[in-house]
Amino acid sequence: MNTSIKRQLSTSIDPKGVIIAFLIILLWGTSLMFLLHYPINYSSPILYLGILVQTHLYTGLFITAHDAMHGVVSKHKKLNHFIGWLAAILFSFNFYWRLFPNHHKHHQHVATEEDPDFHTSDNFIFWYLSFILNYLTIWQFLLMAITFNLLQLIFPVTNLILFWMLPAILSTFQLFYFGTFLPHRGKHSNKHHSGTLKKNHVWAFISCYFFGYHFEHHEFPNAPWWRLWKTKKLTN
């Protein structure tokens, strides 16, 4: 069984990786267009479901950019990095080539002073603020402000806030909690200084595209998110 899974992990990611990446981008864009035209009704469950779905798709954008940083969207480097750059830009104008070196520092120096994602405190708020401020730039705020002012000429401001801005913010909490705080808080004796979710593939996908299987991600960094669930059998 283990040999079979390892063989599956080593098979080519093309074209599936590219298809999955563009599917996430397409779903994010299609959902956003629908929700920006949606008549606001605070008593409708569709409004709250829309926020949750859009939050999850924002998380998918970042996970796609993350996979590109590991070169596992496509074996073709230019295409791989373009998709990563596009996904990062769509996620509130994050800059792929700024994220890239910091993420690899995280893998090389996990849970140390040289790890840009780590905080010596296990305090959620302090750690989250440190995490976010480490990546935010003034250019993101400027580009978001310009884009907001342009979009409000076409779409209702309330829709922009509820379905474009709020899900992006909520997604940062989702990514931080399941992908950084939960797996790296406390002391871990393993070589990756990482915890992991118990095996539950449905919850692992819903919570953060399987990145709750965080020890597994550090152990198999070349496994794209859509294969990450298979690695669970290799670390038990």
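Note that the coordinates shown come from a computational prediction; the quantities given were computed from them, not determined experimentally.

1. Thoughts on empty space enclosed by the protein
Link 1 in the chain: Tallied over the entire structure, the rule returns 3 cavities of 30 Å³ or more.
Link 2 in the chain: Taken as a whole, the largest cavity encloses approximately 250 Å³ of empty space.
Link 3 in the chain: In this structure, the largest cavity is lined by 16 residues; those nearest its centre are Phe-62, His-66, His-103, Asp-117 and Thr-180.
Link 4 in the chain: Elements supplying a minimum of two residues to the lining of the largest cavity: α3 (45-69), α5 (96-108) and α8 (157-184).
Link 5 in the chain: Of all the elements, α3 adds the most residues to the lining of the largest cavity, at 4 residues.

2. A closer look at the environment of Leu-228
Link 1 in the chain: Here Leu-228 lies in the loop between α10 (214-219) and α11 (232-235).
Link 2 in the chain: Sequence separation between Leu-228 and Gly-212 is 16 residues; the distance between their C-alpha atoms is 10.0 Å.
Link 3 in the chain: When residues no more than four places from it in sequence are discounted, the contact partners of Leu-228 are Phe-210, Phe-211, Tyr-213, Glu-216, His-217 and Ala-223.

3. Description of the environment of Leu-170
Link 1 in the chain: Tracing the backbone through its elements, the reader meets Leu-170 in helix α8.
Link 2 in the chain: Accessibility expressed as a relative area gives 33% for Leu-170, which makes it partly exposed.
Link 3 in the chain: Apart from residues no more than four positions distant in its own chain, Leu-170 is found in contact with Ile-51 and Thr-55.

4. Some details on the packing of aromatic side chains
Link 1 in the chain: Counted under the stated rule, the structure contains 30 aromatic pairs.
Link 2 in the chain: Between Phe-124 and Phe-176, the aromatic rings sit 5.3 Å apart at their centres with planes inclined by 65 degrees, giving edge-to-face as the arrangement. Taken together, the positions of Phe-124 in helix α6 (residues 124-133) and Phe-176 in helix α8 put the pair 52 residues apart, joining distant regions of the chain.
Link 3 in the chain: Judged by its relative accessible area of 0%, Phe-176 falls in the buried class.
Link 4 in the chain: Between Tyr-177 and Phe-178, the aromatic rings sit 5.0 Å apart at their centres with planes inclined by 90 degrees, giving edge-to-face as the arrangement.
Link 5 in the chain: Through a chain of ring-to-ring contacts, three or more aromatic side chains come together here, namely Phe-118, Phe-124, Trp-127, Tyr-128, Phe-131, Tyr-135, Phe-173, Phe-176, Tyr-177, Phe-178, Phe-181 and Trp-203.

Thresholds, definitions, all that
- Residues numbered from 1 in each chain as written.
- Predicted model: local features only at pLDDT ≥ 70, side-chain atom pairs only at ≥ 80, totals over all residues.
- Heavy atoms only, no water.
- 1 Å grid on protein atoms, 1.4 Å probe; cavity = no way out; pocket = protein on both sides within 12 Å on 5 of 7 lines; lining within 4 Å.
- Points joined across faces, edges and corners; volume = space filled by probe spheres on them.
- Helix = DSSP H or I, 4+ residues; strand = E, 2+ residues; numbered from the N terminus.
- Contact = heavy atoms within 4.5 Å.
- Buried < 20%, exposed > 50% of the residue type's maximum accessible area, 1.4 Å probe, protein only.
- Phe/Tyr/Trp six-rings, centres within 6.5 Å; stacked < 30°, edge-to-face > 60°.

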